[in-house]
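# A structural walkthrough
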Amino acid sequence: MLAAHLNAPHDLELVTKDRPEPGPGEVLLKIEANTLCGTDYRLYTGAKTAGVRPGVVPGHELAGRVAAIGEGAIDIMPDLEVGRQATVSIVVSCGYCRNCLADREHLCLNLELFGYGIDGGLQEYMIVPERALRRGNLFLTDAELDPRALCLAEPISCCLNGLDQFKVNSGETVAILGAGPIGLIHAQLALASGASYVFVSNRGEERRKVADRLGAIGVGPEELPARVAEVTGGAGADVVIVCIGAEALAQDALELAADGGRVSYFAGFPKGSTSELEPNLIHYKELAVTGGSNARRRDVKRAIKLLEAGKINVDEIVTHTFPLSRVADAYQALHDRVGVKIAVVPE
């Protein structure tokens, strides 16, 4: 089978190797698609190294199908069946650290991640280890989905985790900074939550048009404050979601928010980056400021249900597909920001 190995930063190697066989308590998935995100590129460049094993198979937004079941795996997960469509919750948590015990398993102090330390979806077949199966990280779908759609369960689950923290209520105004895949998913979730106005700010006109087609309002960064002020009588946005890891946006978000508003620094910022903030904006506006990192297993389950119900427009998100044999081209397209989201599919 073909597999991509990330040996070191900027060293992504496509290799041919034997197809694995599942051992006791393991499950073998036949990968049908794997979408790429900005984090994948940060792993590739070495900008993100924590928990990354040299030689790992990257890919954490994956869709597959149960191809083989190891001895004893059905005792762990009784509904396992060869041929069932499946994906994983990428955070394999320990279950006993302080964060796990406080319902923050996605921030587990001992976590392992698919595509970082555990081989991920940029290969034709993938082993789900016994420890992941026992933690409930393998999810089977109840309805057949386009594999490209099922891949989105991972980013959607992360957005749902963020949404649980800042909430979007009926009739509110939401400003989203960034029209990448995450920003566009957040826009759809905000609209589904009943927001009256959802502004999506982006410099690129094509991404703004995508936001428009999804029912949001695509605007340029320079015009965003005036457009928000226009519909809120100068009050500001009830919710501001930062979906680009640009330091200057941390202050912009505080300025955009209304009194009593909520600001989510959802994007991952470069390691060690700092921002100059005006803390009085938080103080006098009484803002609630949150972050968002990874997702719990239950968030993945919710994301799959949203996809099965057709609540997310997948075609506007996943716009380009590359075969696994051209995985290097897929990474280049990711770097060049071709389309919105890139999928890699085994041939």
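Residues numbered from 1 in each chain as written. Predicted model: local features only at pLDDT ≥ 70, side-chain atom pairs only at ≥ 80, totals over all residues. Heavy atoms only, no water.

### A look at the pairing of strand 2 (residues 11–16)
Pairing of strand 1 (residues 2–8) with strand 2 involves 6 bridges; the strand directions are antiparallel. Bridging across to strand 2, A8 finds its partner in D11. Linking strand 1 back to strand 2 in an antiparallel pair, the connection comprises 2 residues, with H10 at a positive phi of about 65°. (Pairing = 2+ DSSP bridges. Helix = DSSP H or I, 4+ residues; strand = E, 2+ residues; numbered from the N terminus.)

### Brief notes about the packing of helix 6 (residues 153–166) against helix 12 (residues 297–308)
The geometry of a pair of packed helices is captured by two quantities: the angle between their axes and the separation between those axes. Interhelical geometry of helix 6 versus helix 12 gives an angle of 115° and a closest axis separation of 8 Å. The angle between the axes of helix 6 and helix 12 places the two elements in the roughly perpendicular class. Relative to helix 12, the crossing made by helix 6 is right-handed. Residues A153, I156, S157, L160, N161 and D164 of helix 6 form the contact with helix 12, whose own contacting residues are D299, V300, R302, A303, I304, L306 and L307. Looking at the contact of helix 6 with helix 12, its residues break down into 8 nonpolar, 2 polar and 3 charged. (Axes fitted to C-alpha atoms, helices over the stretch in contact; angles between N-to-C directions. Parallel < 35°, antiparallel > 145°, perpendicular 65-115°, else oblique. Left-handed = near helix turned anticlockwise from the far one by under 90°. Contact = heavy atoms within 4.5 Å. Nonpolar A, V, L, I, M, F, W, Y, C, P; charged D, E, K, R; others polar.)

### Observations concerning the domain arrangement of the protein chain
Looking at the assigned domains, one finds that the protein chain contains domain 1 (2–146 + 314–345) and domain 2 (160–291). Using only C-alpha atoms to locate each centre, domain 1 and domain 2 end up separated by 29 Å. In this assembly, 8 residues from domain 1 lie in contact with 11 residues from domain 2. Both sides of the domain 1 and domain 2 interface together cover about 780 Å² of buried area, and 54% of this is carbon and sulfur. When the area that domain 1 buries against domain 2 is broken down by residue, the three leading residues are E316, I317 and V340, summing to 62%. The tally of links between domain 1 and domain 2 comes to 1 salt bridge. Of the charged contacts, one joins R213 and E316 as a salt bridge, the two residues approaching to 2.8 Å between their closest N and O atoms. Linking domain 1 with domain 2 are 2 residue pairs in polar contact (both at pLDDT 80 or more), by the criterion used here. Of the residues in the side of domain 1 that touches domain 2, the class split is 2 nonpolar, 2 polar and 4 charged. (Domains from an automatic or database assignment. Buried area = accessible area lost by both parts, 1.4 Å probe. Salt bridge = Lys/Arg side-chain N within 4 Å of Asp/Glu carboxyl O. Polar contact = N/O pair within 3.5 Å; in protein donor to acceptor, adjacent residues only side chain to side chain.)

### What to know about the pattern of salt bridges
The full count for this structure, using the stated rule, is 23 salt bridges. Taking the shortest distance from any N to any O, the salt bridge between R296 and D103 comes out at 3.7 Å. Of this pair, R296 sits in the loop between strand 15 (288–291) and helix 12 while D103 sits in the loop between helix 3 (98–101) and strand 7 (112–113), and the two are 193 residues apart along the sequence. In this structure, R227 and E230 form a salt bridge, with 3.9 Å as the shortest nitrogen-oxygen distance. One end of the pair, R227, and the other, E230, are both in helix 9 (residues 224–232), 3 residues apart, so they sit about a helical turn from each other. A cluster of three or more residues bridged by salt bridges with shared partners is formed by E32, R65 and E144.

### Description of unusual backbone geometry
Although it is not a glycine, D103 adopts a positive phi angle of roughly 65°. Of note, the phi angle at N294 is positive, near 60°, even though the residue is not glycine. Looking at the element boundaries, N294 is found in the loop between strand 15 and helix 12.

### Details of the side chain of E105
Relative to the assigned elements, E105 resides in the loop between helix 3 and strand 7. Judged by its relative accessible area of 10%, E105 falls in the buried class. (Buried < 20%, exposed > 50% of the residue type's maximum accessible area, 1.4 Å probe, protein only.)

### Quick word on the sheet that holds strand 10 (residues 173–177)
Overall, parallel pairing links the 6 strands, which are arranged 12-11-10-13-14-15 in an open sheet. The sheet is open, and its two borders are formed by strand 12 (217–219) and strand 15, each paired with just one other strand. Going from strand to strand, the sheet's axes swing by 20° on average, the running direction of each strand aside. Where strand 10 and strand 11 (residues 197–201) come together, 5 bridges link them in parallel fashion.

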